[in-house]
Amino acid sequence: MPRRELQPFKDLVAQRCGLTFDEVSEANLLSALHKRMAATGAETTATYFTRLIADEVEFHELVTLLTVNETYFFREPAQLTLLVEGLIPRLMTGRAAGQPIRILSAGCSTGEEPYSIAIALKEKFGDSVGHLVSICAGDIDHRALTTARRGEYGEFSFRALSPNLRDRHFVSTEPRRYVLHEGVRSLVEFHHLNLLSPVYPKAIRGFDIVFFRNVSIYFDVDTRRAILANLRAAMTETGILVLGASETLANDLGVFHLVEEGGGFYFAKTPSPPEPRPAPKRPVPARLPPAPPRMEVARSAAAPVPRRSPPTVDWAAAVDSVRHLLRRKKHQEALEVVQAMPAASPADVRSWLLESHVRLQMRQFAEAAALATRAVDHDPWSVDALMLLALVAKWQGDEAAAIDRLKAIVYSKPDCWSAHYTLGTLLQGGDPAKARRAYATALRQVVANPDPDGGMWLPLDLPVADIRFLCERRCAEFDAAAPVVPIAGDRR
């Protein structure tokens, strides 16, 4: 399908639900169009486009193939702790009997987030939680909603949830499959929700707390602002909006007011939210996972934030957000996420490393090298910093410097397959024996540990299958080219 024929579909999807497409995601759109044209029997793009405009059901079938449903239970647990230990107890104060606190999970995907909220509240308040809160969840993907209502999940959804907590709230039905207990499933009500729609369903209104986490990264600034305005209209006057820790600064667009509490941040609908009150002196159940470090968001010079003690960064959330943005080639937004972090200290150079990685993807080699060098100055054996310097040198044609950095990595971290693989690519022209050894080592390690980050902390997001294939091919080529060593007495 010619690129010009894609544009009307891109415009329609962007107009109706805010999804935009770069060069990478265009391939996903093209694949989705081929599938739906085959399913509907449309012979031309014009015929299918005409149907798409008139048939809302078919439009949602297409959108279902375009959405990304990557989530898991108890993602960013610090925010769940803030919810159960701070926000909910505060809202309960003065609340009329029988008036539950209303919570919305916007862009809920397959349900892990709203169910995590329900589990955390049930752990805190027990069986009374059904009278204290009302939880709604919405998503545009009707197939994801079907999965959410079923409440059945595979092991990958539990990668941040302790086995004890999982076993208390789920029943194992078959190997590596778990079904949520009805007592938790019944706490959440699911609705079809297009976040960009100017009119939300009647059930999606009057919320005290809205979770809108790890969704905004898929929209441009204007779309995010429109969605935030819609969510604001669906909230009470004292409503609170919670975003992913690494998304906060990028969504400070004048629609809400940024609030700091206990080192964490959220948005308030009103400019002067109630002063935080201490939560009731009731210990957190031991079963609830502890909160990770909270992210600090830098404030502009015009609005300084007094700091009592600088909070640390929720690095898992930050890396996850940067990974998603780089996959979609949204380099500038990834850079904004990184720059929203506090300045690194000599004890923690990860903000420099992550910014260097983003700038390397942007081909800003001087800036990337400066940040990585700064990290090496504080930690000479930082394998991530050494890898960044090696990649910068490789891109700039300084193979000798790149090889030296890579050798230092494999010396200090011999199981780093990405370093072995990159070393092989640099050695293959000058030292076939060492190149073959590097490829063989990389192949052995990638088979044993197919980590897309290649053993690094940085989100390298390498194509594991392709690299494995290339390692196998290079090893076979070197073996085929190796000279035959004659056996003594052999006169052939």
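Definitions and limits used
Residues numbered from 1 in each chain as written. Predicted model: local features only at pLDDT ≥ 70, side-chain atom pairs only at ≥ 80, totals over all residues. Heavy atoms only, no water. Pairing = 2+ DSSP bridges. Helix = DSSP H or I, 4+ residues; strand = E, 2+ residues; numbered from the N terminus. Buried < 20%, exposed > 50% of the residue type's maximum accessible area, 1.4 Å probe, protein only. Contact = heavy atoms within 4.5 Å. Salt bridge = Lys/Arg side-chain N within 4 Å of Asp/Glu carboxyl O. Polar contact = N/O pair within 3.5 Å; in protein donor to acceptor, adjacent residues only side chain to side chain.

**What about the pairing of strand β5 (residues 177-180)?**
A regular strand places its side chains so that they alternate between the two faces of the sheet. Bridge count for strand β3 (residues 152-154) against β5 is 3 bridges, and the pairing is antiparallel. By the bridge assignment, E152 is partnered in β5 with V179. Here strand β4 (residues 170-174) pairs with β5 via 4 bridges, running antiparallel. In the strand pairing of β5, F170 is matched with L180. Linking two consecutive strands that pair antiparallel, namely β4 and β5, is a turn of 2 residues; a positive phi of about 65° is found at R176 within it.

**Some remarks on helix α18 (residues 417-427)**
Buried residues dominate α18, accounting for 10 of its 11 residues. For α18, the set of buried residues is W417, S418, A419, H420, Y421, T422, L423, G424, L426 and L427. Tucked inside the fold, the buried residues of α18 contact α16 (383-395), α17 (399-412), α19 (432-448) and α20 (464-481).

**Things to note about the pattern of salt bridges**
This model, assessed by the stated rule, comprises 25 salt bridges. Taking the shortest distance from any N to any O, the salt bridge between E123 and R168 comes out at 3.1 Å. Of this pair, E123 sits in helix α6 (residues 112-125) while R168 is found in helix α9 (residues 163-169), placing the two residues 45 residues apart along the sequence. Of the residues examined, E123 reaches a relative accessible area of 7% and is grouped as buried. Judged by relative accessible area, R168 falls into the partly exposed class, the value being 30%. The shortest N-O distance in the salt bridge between K269 and E237 comes to 3.3 Å. Taken together, the positions of K269 in the loop between β10 (264-268) and α12 (315-327) and E237 in strand β8 (residues 235-243) put the pair 32 residues apart, joining distant regions of the chain. When its relative accessible area of 5% is taken as the criterion, K269 is described as buried. One continuous salt-bridge network, built from bridges that share partners, spans R323, R327, D453 and D461.

**Examining the environment of H192**
Assignment of secondary structure puts H192 in strand β6 (residues 188-192). Residue classification places H192 among the partly exposed residues on the basis of a relative accessible area of 31%. Counting along the chain gives 51 residues from H192 to D141, while the straight-line C-alpha distance between them is 7.5 Å. Those residues in contact with H192, other than ones at most four positions away along the chain, are H60, D139, I140, L145 and P201. Among the polar contacts listed, one links the side chain of H192 to the backbone oxygen of I140, at a separation of 3.0 Å.

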